[in-house]
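# Coordinates in review
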Amino acid sequence: MKFPNGAVLSLLPLLVFSAHAQTAPVFRLSSSSQIVSSAARVSSSTDGDETRSSAPRAFGASTNSGAIATRAPGRIGVDVHAGINGIGADVALAVAPHFNVRLGGQFFGYTTSFQEEGANVNATLRLGGGRASLDWFPFHNGFHVSPLLVFLNQTNVRATVIVPPGETISLDNGDYVSSQADPLHGSASIGVWKTSPGLMIGYGNIIPRSGKHFSFPIEVGFYYVGQPTLKVDFSGSACDPSEPQPLGCQPVQDDAGFQHDLAAFVRRNNNNLSYASFFPVASFGVGYSF
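Quick summary incoming for the structure in this document.

Each value, and the rule that gives it
Residues numbered from 1 in each chain as written. Predicted model: local features only at pLDDT ≥ 70, side-chain atom pairs only at ≥ 80, totals over all residues. Heavy atoms only, no water. Helix = DSSP H or I, 4+ residues; strand = E, 2+ residues; numbered from the N terminus. Pairing = 2+ DSSP bridges. Axes fitted to C-alpha atoms, helices over the stretch in contact; angles between N-to-C directions. Expected span 1.5 Å × (residues − 1). Buried < 20%, exposed > 50% of the residue type's maximum accessible area, 1.4 Å probe, protein only. Polar contact = N/O pair within 3.5 Å; in protein donor to acceptor, adjacent residues only side chain to side chain. Disulfide = S-S within 2.5 Å. Contact = heavy atoms within 4.5 Å. Phe/Tyr/Trp six-rings, centres within 6.5 Å; stacked < 30°, edge-to-face > 60°.

Next up on the list: unusual backbone geometry. Geometrically, the link from Gln-245 to Pro-246 is a cis peptide bond, its omega value of 0 degrees lying close to zero. Relative to the helices and strands, Pro-246 is located in the loop between strand E16 (237–239) and strand E17 (249–251). Positive phi outside glycine occurs at Leu-152, with the angle close to 50 degrees. Structurally, the position occupied by Leu-152 is in the loop between strand E7 (143–151) and strand E8 (156–162).

Turning our eyes to something else, we now look at the sheet that holds strand E9 (residues 168–171). Strands sit in the order E9-E10-E16-E17 across an open sheet of 4 strands; the sheet is antiparallel. The sheet is open, and its two edges are formed by E9 and E17, each paired on a single side. With strand direction ignored, the average angle separating the axes of adjacent strands in the sheet is 40 degrees. Sheet topology note: the strand E10 (residues 174–178)/E16 ladder contains 2 bridges and is antiparallel. Along E16, the bridge assignment pairs Ser-178 with Ala-238.

Moving on, we get to helix H3 (residues 256–272). Its 17 residues place the ends of H3 25 Å apart at the C-alpha level, agreeing with the 24 Å of an ideal helix rising 1.5 Å per residue. When we look at burial in H3, the residues that qualify are Phe-258, Asp-261, Leu-262, Ala-264, Phe-265, Val-266 and Asn-270. Between the side-chain oxygen at the start of H3 and the backbone nitrogen of Gly-257 there is a gap of 3.1 Å, and the oxygen is on Asp-255.

Summed over the entire model, instances satisfying the criterion amount to 1 disulfide. One disulfide in the model links Cys-239 with Cys-249; its S-S distance is 1.9 Å. Looking along the S-S bond of the Cys-239-Cys-249 disulfide, the torsion reads about 110 degrees, which is the right-handed sense. Of this pair, Cys-239 sits in strand E16 while Cys-249 sits in strand E17, and the two are 10 residues apart along the sequence. For Cys-239, a relative accessible area of 1% translates into the label buried.

With that settled, the discussion passes to the environment of Gly-104. Structurally, the position occupied by Gly-104 is in strand E5 (residues 99–116). Overall, Gly-104 belongs to the buried group, its relative accessible area being 19%. Sequence separation between Gly-104 and Gly-130 is 26 residues; the distance between their C-alpha atoms is 5.8 Å. Among all residues touching Gly-104, those that are not within four sequence positions of it are Ala-89, Asp-90, Gly-129, Gly-130 and Arg-131.

Position of Leu-93 among the secondary structure elements: in strand E4 (residues 86–96). On the basis of relative accessibility, which here comes to 34%, the residue Leu-93 falls in the partly exposed class. Placed 20 residues apart in sequence, Leu-93 and Pro-73 show a C-alpha to C-alpha distance of 7.7 Å. If sequence neighbours within four positions are ignored, Leu-93 has contacts with Gly-74, Arg-75, Ile-76, Phe-99, Asn-100, Val-101 and Ile-207.

What follows deals with the packing of aromatic side chains. Evaluated as defined, the whole model comprises 9 aromatic pairs. Ring centres 5.2 Å apart and planes at 80 degrees place the aromatic pair Tyr-288 and Phe-290 in the edge-to-face group. Each residue in the set Trp-193, Phe-222, Tyr-224 and Phe-278 is aromatic and connected to the rest through ring pairs, giving one cluster.

A few words on the pairing of strand E6 (residues 119–136). With 18 bridges connecting them, E5 and E6 associate as antiparallel partners. Note on E6: the bridge partner recorded for Gly-109 is Arg-126. Hairpin connection between E5 and E6: a loop of 2 residues separates the two successive antiparallel strands, and Glu-117 in this loop has a positive phi of roughly 55 degrees. Relative to E8, E6 runs antiparallel, the two sharing 7 bridges. The residue bridging Val-121 from the neighbouring strand is Val-161, located in E8. Relative to E7, E6 runs antiparallel, the two sharing 5 bridges. Within the sheet, the bridge partner assigned to Trp-136 lies in E7 and is Val-145.

Written out as structure tokens, the structure is:
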């Protein structure tokens, strides 16, 4: 095909531009992800066989040693324990690297019968109530010191007293015979404060900072229950042992000698109970943290 000379001259600039475009270098714009990746590679440095990147590590990511960072605050743990205060359970919350708060309770019951001063006594012992503590771990192990508050304290002793007809009961310095027609009977109780402060020390963390789940805490300590108070109340009729019945018998409410000796008996035993103002704590448990 032949072109007129004018046509060839008019196509010459287009041919030159096409040839130039084929031989010129081509520039492409990199994506933002490629730029960030290149910058991270440039900023990384090598120390021996370990490569360290200047990019921040995400929380909880594996470290170079393979350990996984644990976040103690906010974790929850539970335990069951047994000891001289009975059987109980606790729930603990980690609030700081060295502190837990703990809430729980415990219970123990025991019933027995015996004879005392000529009377038949049926007694029931109850221990227990709620407790709250702040566990402080001063070292990097399970040793802890725990200020304690016992609330709704159920610790008490209750007893029923029956003096069989014709039996003699001794109260302080006086002897009294239970009436055949109206035998002596009564009740007794020993109570303590319903809210008591205390202190415990122990070993074992229900929420291990190592990230483990199981623990085996042991604790010893005490809480202050105040002066235990003995109360005794009698009904029925008491008789003078030197006189035959029904002579010399009268209701105990009207017997001034009986009431005087009963009050002295209560005072003496309350003095003997003063040693029980500090109640011991000792327990061993099994804990699990989530």
